[in-house]
Amino acid sequence: MTRAIGIRASSKSIGYPTSSTFHDESSTPLSNSSQGGAKTKSGQDLIVLGPLRPRPLPSIDGLRDAVEPLSAGGLAELSKSILTYEREAELDSTKMEISLLKPLERRVSKQRFEQLYSQLFQAFNLFQLRSYYDSAVPESSTTPKLAKSAPKMDTIRWIMQYRWGMEIAEEIAEREDVIVVETIETNKRDIFFLIGEDGRILRYWAHRGNARITVDVANNLLSIRASRASIEEIQKWLAHLLNSILTETLDISATSRIAPLGDGVIPVIARMTNTFIERIDNRTLRIAGLGPEKTRMDDARRLLLSSIDLRLRSKESLLFNPPMDNARKGALFPFSEGSALPWTFRNHNWGRWKLITPKPLQGISRPKFAMDTFNIIRRLDGGRGSLETVREALDQMGGNIPQDLRERGLATEYEAIIGHLLYNINTDDYNIRADHYELDMPSFIQKFHDKPRIICNAFPGIPVFSQDPIRRSNFEIPAPSLQGASSKEYFQLRFLPSPWSNPTSFERYPPVRMTVEIDSIKGTPHTPRIFALGSECNADVLLPRLPCDLRFVRRDETLLNVLDNTEQGGVHAGEWARFMEESHLNPSQDLKLRASPKIQIHIPPWMVLPSAWTPTASVAAPIDYTFTGMEYRRVVSLEEKGYLLSRTVVEGGVSGGRRTEVKLQYVPPSRSPSDPTNGHGSEGNGEGVKAASSSGSSSVGEGFVAFVNKAISFVASVDGFLSRKGSP
């Protein structure tokens, strides 16, 4: 066996074994005992090492010892090291304050040099200055190291000379670099514009003028710490900014007759548009914005008008599908798709009413709802009800339309929109349970039937559901590709009669929506289709057993066109040219899409209240309208016998939100979407089909009951799809 030989310098060296460790008593000794072992010529001891052996693996007990908790002493030592690490990782504010005093220019005047010396001497002690100098010097730097016995004066000079590289230049004037402090008195309006948009203006001034600017919001003071030359320059910028502020007074007494303006929306609008809005009295607002353009003030005026709940020519009613057992409890479950709502509804806690369903045990499938249990639609006044209740509720609100108005162009559209009917919740989810908001269906209807509610088209799972191909016969998913589907892209603009141009009678005129198709290649807008609203009736149907609810809509509208002769109504061609010139509606060219804030529309006399349907004038009157909102819509529609299914992706911007809208439009058996004589329906924009016929309630026909049944079955298909996808 081969043995390795090593040299031992001393038997008492660090950790090395002595010769007796490897001595084999049965072997022949290498030397006489008197010699104390074999030695080299230089007198060093020889050590015989054993053969190389593999390192033994750690035992289970050894592993247990390795992971045993530390002793009390070990924990104390570990805690010290952790605390020390945290202290080293923390930002040293003293060193930062010293660094902030460093001038941008190395060459300074003698007065500035003395000023910096005095500031360092008075603000910091020797230990702080020495720590800054030592920590700021890199190891590879040739900067001399400061002696430990150096006094405070020498330490400051070394910081200024070696760390900052400062030099005194006789040619630099005192006013150009000596730091002084100037305090300027302002007001709340000026402070708002200075600190608005995350202080963008003040940040730019501070960077360009090498200044430190402090804003005292409580006392409306602006403090500038810079050279006299920089302060004078900043004062010029400030004067130019204040001279560019535009101000106008807004009278809201006209809208206050219908609904009040909430104080809570004013700060939100001010932040969204960067305009300063203040109340002068209960009837007047003052709006200020930075010029020279008035686009921000136009946006503020638009948002103020749209935030008021005017609901012109709009009615609604509540219906519900009762559960099979009225004793079953339900609750308002919090709604989480706030980004899909318009901005006026985002700062509220919303909830959708649905039945509390215990989670099924593993291996047990969810019970399937029998469709015949959904053929009961009740009204609030009681009664068993049926699917015809929906049509009855809509016609009762909308009334009968005379035949002569049908001939003039007034048409009716019926549609069913799926979504969540939401109620405002004043508390969080925990308090909902604590306050016993778990109610049976009759108790909920009694308590919430008159509460404000909204509908949201977006809810968990609907984007996935709406993008899957849908089998036209039974809505099965997955399914083959759609046959005969069409797609459109267009803008939808909304206008309200201006309460500032017509303060005493603006509510007599109809709201107007305008659809503008977009060229698929160039992106240029086409000639618009303008719809004046006669009335809109909403019948909301609560479906607490299903994942979403239904809103049935009856909409009576008349089509207005762009014409050279507007005696019978419409938009004059010259006015439309002006509107388009002031708008930016080309998605392929315009970075920011905008619409002109106003347009003049000639309204037919038979569309003006309260003399609507019995007009007294013979010529349409020009009315000023205010732009209130814009949406970019991409729609895919599919025609089927008795209905038109459409999926629309709606981009409403910051104020309108983004959502996916799925709805069914009713198509009377006597008409079809492709029929060129079908009134003026908006199917050309992929949005709806008008039901033109000869009489009021009979215009719907018996097919409307089948349409309601189809809409409810469509919601049931959503439930089946989401359950397969594992959605809650």
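Please refer to the structure higher up on the page.
As the structure is a prediction and not an experimental result, all values here were calculated from the model.

Calculation notes
- Residues numbered from 1 in each chain as written.
- Predicted model: local features only at pLDDT ≥ 70, side-chain atom pairs only at ≥ 80, totals over all residues.
- Heavy atoms only, no water.
- Helix = DSSP H or I, 4+ residues; strand = E, 2+ residues; numbered from the N terminus.
- Areas by Shrake-Rupley, 256 points an atom, 1.4 Å probe, with all protein chains shown as cover.
- Pairing = 2+ DSSP bridges.
- Axes fitted to C-alpha atoms, helices over the stretch in contact; angles between N-to-C directions.
- Buried < 20%, exposed > 50% of the residue type's maximum accessible area, 1.4 Å probe, protein only.
- Salt bridge = Lys/Arg side-chain N within 4 Å of Asp/Glu carboxyl O.
- Core = buried A, V, L, I, M, F, W, Y, C linked by side-chain atoms within 4.5 Å.
- Expected span 1.5 Å × (residues − 1).
- Bend = angle between axes of the 7 residues up to and from the residue.
- Contact = heavy atoms within 4.5 Å.
- Polar contact = N/O pair within 3.5 Å; in protein donor to acceptor, adjacent residues only side chain to side chain.

A.B. asks: Mind showing me how you'd approach the overall build of the protein chain here?
C.D. replies: Counting its secondary structure elements, the protein chain contains 20 helices and 28 strands. Carbon and sulfur atoms provide 51% of the accessible area of the protein chain, an area that totals close to 39,800 Å².

A.B. asks: Would you take a moment to explain the sheet that holds strand β8 (residues 245-251) for this structure?
C.D. replies: Consider a sheet: its strands pair through backbone hydrogen bonds, and that pairing is either parallel or antiparallel. With antiparallel pairing, the three strands of this open sheet are ordered in space as β8-β10-β9. Strand pairing shows two members of the sheet lacking a second neighbour, β8 and β9 (276-279), which therefore form its edges. Ignoring strand direction, the axes of neighbouring strands in this sheet form an average angle of 20°. Sheet topology note: the β9/strand β10 (residues 284-290) ladder contains four bridges and is antiparallel. Directly across from arginine 279, in β10, lies its bridge partner leucine 285.

A.B. asks: Would you mind going over the pairing of strand β21 (residues 549-560) with me for this structure?
C.D. replies: Side chains on a regular strand alternate between the two faces of the sheet. Burial within β21 is extensive, with eleven of its twelve residues counted as buried. Pairing geometry for strand β15 (residues 410-425) and β21, over ten bridges, is antiparallel. Its bridge partner being in β21, isoleucine 418 is matched across the sheet by leucine 550. Pairing between strand β20 (residues 529-542) and β21: eleven bridges, direction antiparallel.

A.B. asks: Looking at this model, I keep getting lost on the pattern of salt bridges. Mind explaining?
C.D. replies: Side-chain pairs of opposite charge can arise where the charged atoms are in close proximity. As enumerated under the stated definition, the model contains 38 salt bridges in all. Close ionic contact of arginine 352 with aspartate 549 constitutes a salt bridge, the shortest N to O distance being 3.0 Å. With a gap of 197 residues between them, arginine 352 in strand β13 (residues 349-355) and aspartate 549 in strand β21 connect regions that are remote in the sequence. Both residues of the pair, arginine 352 and aspartate 549, belong to the buried class. In this structure, glutamate 651 engages arginine 658 in a salt bridge whose closest nitrogen and oxygen atoms are separated by 2.4 Å. Look at arginine 658 and you get partly exposed, because its relative accessible area is 45%. Each of Glu413, Glu415, Glu536, Arg555, Glu631, Arg633, Arg659, Glu661 and Lys663 takes part in one network of salt bridges that share partners.

A.B. asks: Explain the nonpolar core here, please?
C.D. replies: It is characteristic of soluble globular proteins that their nonpolar side chains tend to be buried jointly. One finds Val390, Leu394, Leu550 and Phe552 to be the most contacted residues of the largest nonpolar core, which totals 33 residues. Where this core is concerned, the elements lending two or more residues are α13 (388-398), β15, β20, β21, β26 (643-651), β27 (658-666) and α20 (703-725). Among the elements that take part in this core, α20 stands out by supplying eight residues, more than any other. Residues Leu410, Ile518, Ile530 and Ile603 belong to the second largest nonpolar core, which totals 30 residues.

A.B. asks: Explain the pairing of strand β11 (residues 314-320) here, please?
C.D. replies: The sheet contact formed by β11 and β20 spans seven bridges and is parallel. In the sheet register, serine 317 faces β20, and the bridge partner there is alanine 539. With two bridges connecting them, β11 and strand β14 (residues 378-379) associate as antiparallel partners. Within the sheet, the bridge partner assigned to phenylalanine 320 lies in β14 and is arginine 378.

A.B. asks: Quick question: what am I supposed to make of helix α8 (residues 188-209) here?
C.D. replies: For an α-helix, 3.6 residues make a turn, and residues three or four places apart therefore share a direction. Here α8 contains 22 residues, and its C-alpha end-to-end distance of 24 Å is more than 12% below the 32 Å for a straight helix at 1.5 Å per residue. At aspartate 198, α8 shows its maximal bend, which comes to roughly 115°. Of all the residues in α8, the buried ones are Asp190, Ile191, Phe193, Leu194, Gly196, Gly199, Ile201, Leu202, Trp205 and Gly209. In this structure, the buried side of α8 is in contact with β6 (212-216), β7 (221-227), α9 (228-243), β8, β9 and β10. Between the side-chain oxygen of the N-cap and the backbone nitrogen of arginine 189 there are 3.2 Å, and the N-cap of α8 in question is asparagine 187. Downstream of α8 by one or two residues, asparagine 210 has phi in the positive range, about 50°.

A.B. asks: What is the right way to read helix α4 (residues 110-123) from this model?
C.D. replies: In this model, α4 (14 residues) spans 20 Å end to end at C-alpha, consistent with the 20 Å of a helix rising 1.5 Å per residue. Inspection of α4 places Arg112, Phe113, Gln115, Leu116, Tyr117 and Leu120 among the buried residues, and these make up the whole buried set.

A.B. asks: For this particular structure, what's the right way to read the environment of arginine 212?
C.D. replies: Tracing the sequence through the fold places arginine 212 in strand β6. Residues arginine 212 and leucine 202, ten residues apart in the sequence, show an inter-C-alpha distance of 9.4 Å. Excluding its chain neighbours within four sequence positions, the residues that come into contact with arginine 212 are Leu100, Ser223, Ile224 and Arg225.

A.B. asks: Explanation requested: the environment of lysine 188 in the structure shown.
C.D. replies: By the secondary structure assignment, lysine 188 is in helix α8. Taking the C-alpha atoms as reference points, lysine 188 and asparagine 220, separated by 32 residues in sequence, lie 6.3 Å from one another. When sequence neighbours within four positions are dropped, the list of residues in contact with lysine 188 reads Asn220 and Phe276.

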